[in-house]
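Notes for the structure review
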Amino acid sequence: MFMPFATLTWVLVWAGLVLALLFRYGRRSSALRHLPLPPGPRPLPLIGNALDIPIAYQWLTYAEWSKKYGDIVHVKFFGKSLIILGSSKPAFDLLERRSSLYSDRPILHMQLLIGFDWCLHRRMMHQYFNSGNVDNFKSMQVAEVHQLLRNLHDDPQNYLRHLRHVMGATIIRVIYGVKDDELITMNQRVMKVVTQTLNPGSFWVDIMPFLKHIPAWFPGAGFQRKAREWKKDILATRVMGLAATKRAISQHDSIALQSITADMLERISNLEPALQDEESEIAENVAAIAYLTGADTVISTLSSFFLAIVRYPEAQEKAYTELMDVVGPHRLPEFSDRESLPYINAVVKESLRWQPVVPLGVAHATIADDEYNGYLIPKGSIIMANSWAILHDPEQYPDPEKFCPERFLKDGRLDPSIRDPSNAAFGFGRRICPGRYFADNMVFITFASILYTYIIRPPIGLDGKPAVPEVKMTSGSLSFPAPFGCIIEPRSSRISALIHN
Ligand code: HEM
């Protein structure tokens, strides 16, 4: 994603780089500095390993490096240390057990330029999305999933659009308490932008922060023009969401009154006036962040699930048999069935593992020098846990490319000795995803409802045979299955009636 630079810009870039490096090396000192850095590909002067880092599917290259150099790899990236944790052991040792040292985030200047700081307000996110509170959202999740079933029934061709819509609509309803397709579209657009800024190094300005002072008209400063445009969109989304809730509350709308935004506004109105402005800004941010972090991640999981069940019809049939046994023929699955559905729970786990949504997690950063297995982890290092490699470790998950819910089961129950993939899929330590309980509920009720009502098959190819879609995931900080066709049919006419009831 690196952009071409005009010659003059290059001169500025190099000059700044040299100054930054001099400053950095001049400052270094700690009792651990005599230790060697972890092994890794040999860096070049100044640019380090910038040329070794691939533009696409980094997790595959990093997994190769881990095989070659060990499960902790060091690369130099324009003066910064990038540490790649290639297996569960160092990831848990460092990001979980030494969480107090490893839970910072690298400063991403492009994100600051666009006015998006998703690290803020973790406390507030936790307050609304903790394991106890997410029960309050279950009825809204069920209502939106039933709408999804109807949409799939009436317009199966556009299943991807319906998957995107169900998650967008659920989050908008939980957060803002409104049904607003324009808000969903706007948020979807902003999300695309934010994901582009997620990985350190996607923009030069992350590596050379002084570039943020370059004016937008300067040759090569296209990132500034992008940032200006994107910032406008992000701001508009926040303002629009809040305004929609306020409007609905003024009309005494009961759904709006139950929303997170309504609750935040209520609490703000009880504060002293001096605190109200700051808290209002937090409220706007929390709502926007929950949408922006929550929607696409779940959409990717739902799409991977579709891909899995098209490719593995036997898993689909086992799931249906279990659902019929437990739920019976007269109603749709409910959250209260969950305890009695080990196979569906195993499908949830396997979907999180099979194609991880965030294959390299979200970068952490260290706040001090540290030692691990005799190696120095310098202060300010960017730490990336290769979640894809951890979830595809053949020792933990034999035949990892296969979608196999059975790997989580023993004697018809969930087997606690198999590592729960949510540990890596949702990240690590203090930074672990605060939306994980909400996401897990959403994924469960969507999977159970679809498996109960539909058969999903590969399309028929030109040769008249089923054309089973390939497993092809997109590259990027969030990974999605490349779009594929499938046939979606209700299990029976009785089911069609149930869906529309
Ligand atoms: C299947 C769905 C999801 C997956 C796989 C997922 C995954 C992740 C991962 C890997 C991280 C980085 C954790 C780390 O740094 O170690 C993260 C962070 C985050 N997630 Fe999720 N997530 C999902 C759904 C959600 C939902 C539904 C929400 C909100 C309602 C949400 C909100 C957040 C936020 C706010 C952060 C940043 C936390 C921080 O920086 O402290 N996520 N997520």
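Residues take numbers from 1 onward in each chain, read along the sequence in its written order. Totals for whole chains, interfaces and linings use every residue, but because this is a predicted model, local features are given only for residues with pLDDT of at least 70 and side-chain atom pairs only at 80 or more, for both listing and counting. Note: side-chain values were computed over all heavy atoms of the structure, leaving out hydrogens and water.

**Some remarks on unusual backbone geometry**
- Phi is positive for H252, which is not a glycine, with a value near 55°.
- Note that H252 resides in the loop between α11 (222–250) and α12 (254–257).
- Three labels apply to residues, based on accessible area from a 1.4 Å probe with only protein chains included: buried if under 20% of the type maximum, exposed if over 50%, partly exposed otherwise in between. With a relative accessible area of 65%, H252 lands in the exposed category.
- Positive phi outside glycine occurs at D399, with the angle close to 50°.
- Note that D399 resides in the loop between α17 (387–391) and β7 (409–410). Secondary structure counts use DSSP, requiring at least four H or I residues in a row for a helix and at least two E residues in a row for a strand, with both numbered from the N terminus.

**Overview of α11**
- To estimate the expected span of a helix, subtract one from its residue number and multiply by 1.5 Å. With 29 residues, α11 extends 43 Å between its outermost C-alpha atoms, agreeing within 8% with the 42 Å of an ideal straight helix rising 1.5 Å per residue.
- All of the buried residues along α11 are F223, Q224, A227, W230, I234, T237, R238, G241, L242, A244, T245 and A248.
- Following α11 by one or two positions, H252 adopts a phi angle in the positive range, close to 55°.

**Regarding the sheet that holds strand β6 (residues 382–385)**
- Strands were regarded as paired on the criterion that DSSP finds at least two bridges between them. The strand order across the open sheet built from four strands is β1-β2-β6-β3, with neighbouring strands paired in mixed fashion. Both edges of this open sheet fall to β1 (72–77) and β3 (364–365), since each of them pairs with a single strand only.
- Contacts from helix α3 (residues 88–97) reach β1, β2 (80–85), β3 and β6 within the one sheet, and its direction differs from that of β2 by about 125°. Here, residues are in contact when the closest pair of their heavy atoms is within 4.5 Å. Note on geometry: axes are C-alpha line fits, over the in-contact stretch for helices, and angles between N-to-C directions span 0 to 180 degrees.

**A short note on the coordination of the iron atom of the ligand**
- The rule for donors is simple: an N, O or S atom within 2.8 Å of the metal counts, and for Na, K and Ca the reach is 3.2 Å. Water is not among the atoms, so a site may look short of donors. Counting protein donors to the iron atom of the ligand gives just one, C433 (SG), placed at 2.3 Å.
- Structurally, the position occupied by C433 is in the loop between α18 (422–425) and α19 (436–453).

**Some remarks on the site of the ligand**
- Near the ligand there are 26 residues, and of these R105, R122, H364, R431 and C433 occur at the shortest range.
- In protein, a polar contact requires one atom able to donate a hydrogen and another able to accept it; more generally it is a pair of N or O atoms within 3.5 Å, and residues adjacent in sequence count only if both atoms are side-chain atoms. R105 is positioned such that a nitrogen or oxygen atom in its side chain is 2.7 Å from an oxygen atom of the ligand.
- Between the ligand and F428 there is a distance of 3.0 Å, counted from an oxygen atom to a backbone nitrogen or oxygen.
- Looking at the shell around the ligand, the elements with two or more residues in it are α6 (122–129), α14 (273–311) and α19.
- With seven residues, α14 is the largest single contributor of residues to the shell around the ligand.
- Polar here means any residue outside two lists: the nonpolar Ala, Val, Leu, Ile, Met, Phe, Trp, Tyr, Cys and Pro, and the charged Asp, Glu, Lys and Arg; Gly therefore counts as polar. Each residue belonging to the shell around the ligand can be placed in one class, and the counts come to 16 nonpolar, seven polar and three charged. Working definition: residue near molecule or strand if any one of its non-hydrogen atoms lies within 4 Å of it.

**Section: the environment of D370**
- Residue position: D370 is located in strand β4 (residues 370–372).
- Residue classification places D370 among the buried positions, given a relative accessible area of 11%.
- Each residue touching D370, except ones within four places of it in the same chain, is listed here: L32, L94, R98, L101, Y102, Y375, L376 and I377.
- At 2.7 Å, the side chain of D370 forms a polar contact with the side chain of R98.

**Some thoughts on the pairing of β2**
- Most of β2 is tucked away, with five of its six residues classed as buried.
- Where β1 lies against β2, six bridges are found, and the strand directions are antiparallel. Paired with V75 across the two strands is L82, which belongs to β2.
- Remark: two residues form the turn of the hairpin made by β1 and β2, two consecutive strands paired antiparallel; F78 in that turn has positive phi of roughly 45°.

**Thoughts on the packing of aromatic side chains**
- Each Phe, Tyr or Trp ring, with Trp reduced to its six-membered ring, pairs with another whose centre is within 6.5 Å; inter-plane angles below 30 degrees give stacked pairs, above 60 give edge-to-face pairs, and intermediate values give tilted ones. If you walk through the whole model with that rule in mind, you get 17 aromatic pairs.
- Here F203 and W230 contribute two aromatic rings whose centre-to-centre distance is 6.3 Å and whose plane-to-plane angle is 80°, an arrangement assigned as edge-to-face. Pair noted here: F203 is in the loop between α9 (181–196) and α10 (204–207) and W230 is in helix α11, with a separation of 27 residues, a long-range link. W230 shares its class with F203; the two are buried.
- With 6.0 Å between their ring centres and 40° between their planes, F335 and F444 make a pair best called tilted. You can see F335 sitting in the loop between α15 (313–327) and α16 (342–354) and its partner F444 sitting in helix α19, a full 109 residues away along the chain. Considered together, F335 and F444 belong to a single accessibility category, that of buried residues.
- Connected via pairs of aromatic rings, a cluster forms that spans Y159, F305, F306, F447 and F484.
- We call a charge positioned over a ring when the NZ of a Lys or the CZ of an Arg lies within 6 Å of the ring centre and within 35 degrees of the ring normal. Over the ring of F335 we find K138, and its NZ or CZ is 4.9 Å from the ring centre.

No statement about biological role is implied by the geometric values presented.
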